Every structure is written in structure tokens, then in C-alpha cells.
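Summary of structural features
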Amino acid sequence: MRLLAALLICLPVGAATYVDVPAGHIASVLANDADPQPTPVAVFAMRETPVTNQEFLAFVKAQRAWQRGRAVATFADSSYLNNWRGPASLGAGVLPNQPVVSVSWFAAQAVCENEGSRLPTWAEWEYVAA
């Protein structure tokens, strides 16, 4: 399983600030040869800032099943939160306001669901990045 080293960003509804992203089209760099047309992207909202270590720490304290060492191996491999000191404590040099890294897609989705939101689709992520 590949872990997300990218920033964890959720789509709406939570305590975080969300920014509206207008509709458009994206000519994906991963376009399917059978469908070379640009992909339409509907209007959506995205967190203004990535999920921080402090926010993820609060999440794993409340949802103990997502703590390092407790998360099901299918959903989080050995590199999951490997930069933290312990299951519910940040590591040396892991600042509270830095974006959280070394989380699995499943944990990222769980954080978003906990906020009443979801992860962006590939097309939405690529559209915003472009």
C-alpha cells in the first residue's frame, strides 16, 4: 500500500475554512488513451489549508483505532505516522501547525469523514493544482 506523502486536504464542512473552486475542465496528465477529452470538474469547495499535525493528533486521540500501532494493517502500513514519537504524540521536529504527512489514504478519508467532508477526486485535485 502506498502512503500519502502529499498534503491531506478535505472537501467541505468542518471547523476549517473552505474556499469555493469554480467549475472547469482539466486535461489530465493521466488521461486515458481511449478518452483524450478534458474532464469536466463541477464547482466544489476545498480546505484553505492542509490538515495539520495538531488536527490529526486531535483526530487520533478521539478515534483511537487510527493511532499508530492500532490502525488495521490493511489501512495503514509500517510507515504510517512514522515521524511521530508515539501513537498519540508528535515526534521531534514535527511541528503542530505543519501539514500532516505519512498517513494512508484510508486515514485521510477517515479524517475528512470526521469533518463531514471527503477527499477530493483525482480530477479535482489535479484541477486545483493546475
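As shown above, the structure is provided for reference.
Residues numbered from 1 in each chain as written. Predicted model: local features only at pLDDT ≥ 70, side-chain atom pairs only at ≥ 80, totals over all residues. Heavy atoms only, no water.

Below, the discussion takes up the environment of glutamate 126. Take glutamate 126: it is sitting in helix H3 (residues 122-129). Judged by relative accessible area, which is 10%, glutamate 126 ranks as buried. (Helix = DSSP H or I, 4+ residues; strand = E, 2+ residues; numbered from the N terminus. Buried < 20%, exposed > 50% of the residue type's maximum accessible area, 1.4 Å probe, protein only.)

Of the residues making up helix H1 (residues 53-62), those classed as buried are Asn53, Phe56, Leu57, Phe59 and Val60. With its buried residues spanning 160° around the axis, H1 presents them on a single face. Looking at the packing, one finds that the buried side of H1 touches helix H2 (105-114). (Arc of directions from axis to C-beta. Contact = heavy atoms within 4.5 Å.)

Among the structural elements, asparagine 97 can be located in the loop between H1 and H2. Remark: the alpha-carbon pair of asparagine 97 and asparagine 53, spanning 44 residues in sequence, is separated by 6.2 Å. What asparagine 97 contacts, discounting residues up to four positions off in sequence, is Thr52 and Gln54.

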